[in-house]
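Chains, contacts and geometry: an overview
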Amino acid sequence: MKFKMCLFLFSVCLLNCSNPKTSTLYVGTYTNGDSEGVYQFQFNTETGELSQKQLAATSENPSFITYSPDKKHIYAVNENEEGAVSAFKVEDDKTLTFINKAKTDGAHPCHVAINKQGDKAVVSNYTGGNFSLYDIKTNGALSEAFQVIDHKTDSLVSHAHSAQFFKDDLYASDLGLNAVYQYKLNDTNYKLADSSIVKMPQNAGPRHFSLTKDGQFIYIINEYSNTITSAKKTENGFEFIENISTLADDFKEKSFCADIHLSSDEQFLYGSNRGENSIVVFKRDATTGKLDKIQNISVHGDWPRNFTIDSTGKFLLVANQKSHNISVFKIDDVSGTLAFLHSVELPSPVCLLF
């Protein structure tokens, strides 16, 4: 009896050891070199290992990708002069099947986001200087744009860089106009509520931003000034908290911020620096919203664009565009700081999606 029990436990151990927990990582790329589109890896959530690289879908310059809320579909911008956004179905084997493509009515789309209900998408057109809004059908297909929000003016060059839905609001970051806009849903269209939710430093270049889950704090990463602008929501809009540098104190060369993410528990904030080629780590005060810079760590690559945190919250992965590699870091669950583990090669990685 004891022998049979030991044999059973040994078999269970073997089964668990041979089938480690994995999740699928999708990677958006630029295809002007060796890349062919969206790639996928299997990610070991216990060791941080990336394996089984394969092409998930052929697509032209899918530089930013995102899931539908139920993870049954993926949407990818096609960052070209004649901008487009593509919809894909996620198959059982995690490969992607093309559904349809819609014009973005603006050049060089660089960001796409989906609302929580999964029935609307917004695309940011960098060179076009506008934001295009779409309905999403029940099969995941995109409609033609039902609204195009144009930020172009006669005197200023608009560069729409990212947008996010929050409940019935749409926040939109315009790097060229140096402002984060707020729109509110009015019947079927979005109407301007605020052309600058918080005063930005001169020539800051707001690129991406993170909202806390309750929508009470926003953190905006600024490409040109290498800073993060923090603000707290009040009854009358947002109230400025602080601007804080993303660079190490002794770094004096040129650098340009890219991406920003809060940890799942919102205790830590992370940002990427292209030039310093680093990830900056901040400890966040949940009451005041203030940030304390605690680490700048090399990405072991060149030009970190988008980065992501895996579902376990134990690993942070960075897409290094110019060095053609993805770097994996272990996150300390107490301090929030990062430790480099390893990297894998992939042509022109730009966006990472779990």
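Please refer to the structure higher up on the page.
I will try to describe carefully the structure that is included in this document. (Residues numbered from 1 in each chain as written. Predicted model: local features only at pLDDT ≥ 70, side-chain atom pairs only at ≥ 80, totals over all residues. Heavy atoms only, no water.)

As for the nonpolar core
Residues Tyr26, Ile65, Ile74, Leu96, Val112 and Leu142 are the most contacted members of the largest nonpolar core, which totals 26 residues. Secondary-structure elements contributing two or more residues to this core are β3 (50–58), β4 (65–67), β5 (73–78), β6 (84–90), β7 (96–103), β8 (109–114), β9 (120–125) and β28 (349–353). If we ignore the near neighbours within four places in the chain, the residues touching Val112 are Phe64, Thr66, Tyr75, Val77, Val85, Val122 and Val123. (Core = buried A, V, L, I, M, F, W, Y, C linked by side-chain atoms within 4.5 Å. Buried < 20%, exposed > 50% of the residue type's maximum accessible area, 1.4 Å probe, protein only. Helix = DSSP H or I, 4+ residues; strand = E, 2+ residues; numbered from the N terminus. Contact = heavy atoms within 4.5 Å.)

A closer look at the pairing of strand β17 (residues 217–222)
Among the six residues that make up β17, six are buried, leaving the element largely enclosed by the rest of the structure. Burial of β17 is two-sided: the residues Phe217, Tyr219 and Ile221 facing one way and the residues Ile218, Ile220 and Asn222 facing the other way are all buried. Across five bridges, strand β16 (residues 206–211) lies against β17 in antiparallel orientation. In the strand pairing of β17, Leu211 is matched with Ile218. A loop of five residues connects β16 with β17, the two strands running antiparallel in sequence, and Gly215 in this loop sits at a positive phi of about 75 degrees. Bridge count between β17 and strand β18 (residues 227–234): six bridges; the pairing is antiparallel. Of the residues in β18, the one forming a bridge with Ile220 is Thr229. (Pairing = 2+ DSSP bridges.)

Quick notes on the sheet that holds β28
Taken in spatial order, the four strands of this open sheet run β3-β2-β1-β28, and their pairing is antiparallel. The open sheet has two free edges, formed respectively by β3 and β28, since each of these has just one partner strand. Here the strands of the sheet are splayed against their neighbours by 30 degrees on average, with no regard to which way each runs. Strand direction decides the pairing type here: strand β1 (residues 22–29) and strand β2 (residues 37–44), joined by six bridges, are antiparallel. Across the sheet, residue Ser23 finds its bridge partner in β2, namely Phe43. (Axes fitted to C-alpha atoms, helices over the stretch in contact; angles between N-to-C directions.)

As for the side chain of Ser255
Residue placement: Ser255 occurs in the loop between β19 (237–245) and β20 (256–262). Among the polar contacts made by the side chain of Ser255, one reaches the main-chain carbonyl oxygen of Arg274 at a distance of 3.0 Å. Other than its neighbours up to four places away in sequence, Ser255 contacts Glu223, Asn226, Leu247, Asn273, Arg274, Gly275 and Glu276. (Polar contact = N/O pair within 3.5 Å; in protein donor to acceptor, adjacent residues only side chain to side chain.)

Quick notes on the packing of aromatic side chains
In the structure shown here, the tally under the stated rule is nine aromatic pairs. Centre to centre, the rings of Phe165 and Tyr190 are 6.0 Å apart; their planes meet at 55 degrees, and the pair counts as tilted. Highlighted residues: Phe165 in strand β12 (residues 160–166) and Tyr190 in strand β15 (residues 189–194), separated in sequence by 25 residues. Plain terms: the ring middles of Phe329 and Phe340 are 5.6 Å apart, the flat faces sit at 65 degrees to each other, and that makes the pair edge-to-face. Residue Phe329 is found in strand β26 (residues 325–331), and its partner Phe340 is found in strand β27 (residues 338–345); the two are separated by eleven residues along the sequence. Each member of the aromatic cluster is reached from another via a ring pair, and the members are Phe43, Phe315 and Phe354. The ring centre of Phe217 lies 5.0 Å from the NZ or CZ of Arg284, which sits over that ring. (Phe/Tyr/Trp six-rings, centres within 6.5 Å; stacked < 30°, edge-to-face > 60°. Lys NZ or Arg CZ within 6 Å of the ring centre and 35° of its normal.)

Geometry only, nothing functional implied.
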